[in-house]
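Topology and contacts: notes
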Amino acid sequence: MDSAPSSPPSSPSPWLPFESRRRARDEKREAVLRAAVQLFLEQGYHRVTLNEVAERLNITKPALYNYFRGKDEILFECWSMGAELVDSVITEINAGGGSGLAKLRKLVHAYAGLMATDFGASLVRFDLRDLTERNAAVARAAKKRMDATFRRCIAAGMTDGSIKPCDPKLAAFAIAGALNWIGHWYQRDGELSPTEIADEFTVRLTEGLATAGRQQMTRKTPRAPQRRNSGRATTGKKRTGGGTR
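Residues numbered from 1 in each chain as written. Predicted model: local features only at pLDDT ≥ 70, side-chain atom pairs only at ≥ 80, totals over all residues. Heavy atoms only, no water.

1. A closer look at the overall build of the protein
- The helix and strand tally for the protein stands at ten helices and zero strands.
- Listing every helix and strand of the protein by position from the N terminus yields α-α-α-α-α-α-α-α-α-α.
- Among the 245 residues that make up the protein, the fraction classed as buried is 40%.
- Sequence separation of 24 or more characterises 72% of the internal contacts of the protein that already satisfy a separation of 6 or more.
- Accessible surface, the protein: about 14,600 Å² in total, of which carbon and sulfur atoms supply 53%. (Helix = DSSP H or I, 4+ residues; strand = E, 2+ residues; numbered from the N terminus. Buried < 20%, exposed > 50% of the residue type's maximum accessible area, 1.4 Å probe, protein only. Contact = heavy atoms within 4.5 Å. Areas by Shrake-Rupley, 256 points an atom, 1.4 Å probe, with all protein chains shown as cover.)

Listed below in structure tokens is the structure:
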């Protein structure tokens, strides 16, 4: 007896599962932000057009509107990506233990590394006046949270004896000012990697605050990071950064 013919395999659905479609959309959205933030940092926000962003992604300008309503929204989302990275650092440090000085060192090291990334640099390179008033208010609140975290670490260190008596506000301003400037001068093809820069800044910016018993711990950190291009002759303008931006 002949066996019944097997039914033909069902054709695969032309539609991706919801989670896969959302993930693909998120990846494309992030690709737009990465291309845009690079252009904004290279040329300045006002000089960049959406056509240039689309060209860098090899898509059409109308395709960008599938993900963002306009260039100002892209600017804020680029800034938000950097702010989210900072918030995650703050959350991790607040959840961990250690002295005020130990937390300050972790904060300085992490923040210095973030300033050597595109989204991190956007926090200090973008002008808040280019944001809508509502988004600018969000940005200002985020800056206040960061400042408060620096002050809180310094004040905690003064309480537990790991940091010398000082004005937490002025100390926080000095540290944040030095770290923020990394976002302006860092070069992706420079001599030092982001980690080397972060190591060095952690020593320099906390050594003077540490009490005598804690300074020895600070000095264990190498004070002269190795230059990545030390084996090659260099010509022309000296570079000061390293890694990616």
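That shown, we press on.
2. Re the nonpolar core
- Core analysis: the biggest nonpolar cluster contains 62 residues, and I74, L104, F150, I175 and L179 have the highest contact counts within it.
- At the level of elements, helix 1 (18-43), helix 2 (50-57), helix 4 (71-95), helix 5 (100-115), helix 6 (118-125), helix 7 (133-160), helix 8 (168-185) and helix 9 (194-207) are the ones that each hand at least two residues to this core.
- The element best represented in this core is helix 4, accounting for ten residues.
- Beyond its immediate stretch of four places on either side in the chain, I74 contacts V32, L33, A36, F40, L50 and F68. (Core = buried A, V, L, I, M, F, W, Y, C linked by side-chain atoms within 4.5 Å.)

3. Focus: the confidence of the model for the protein
- With 76% of its residues at a pLDDT of at least 70, the protein reaches an overall mean of 83.
- In the model, residues 217-240 has pLDDT below 50 throughout and makes 41 contacts with residues more than four positions away in sequence or in other chains. (pLDDT = per-residue confidence, 0-100.)

4. Points about the pattern of salt bridges
- All told, the structure shown has nine salt bridges when counted by the stated rule.
- Linking R145 and D87 is a salt bridge whose minimum nitrogen-to-oxygen distance equals 3.3 Å. Placement of the pair is R145 in helix 7 and D87 in helix 4, with a sequence separation of 58 residues.
- On the basis of relative accessible area, R145 is assigned to the partly exposed category, the value being 41%.
- The partly exposed category is assigned to D87, whose relative accessible area is 28%.
- For the salt bridge of E133 with R140, the shortest nitrogen-to-oxygen distance reads 2.8 Å. (Salt bridge = Lys/Arg side-chain N within 4 Å of Asp/Glu carboxyl O.)

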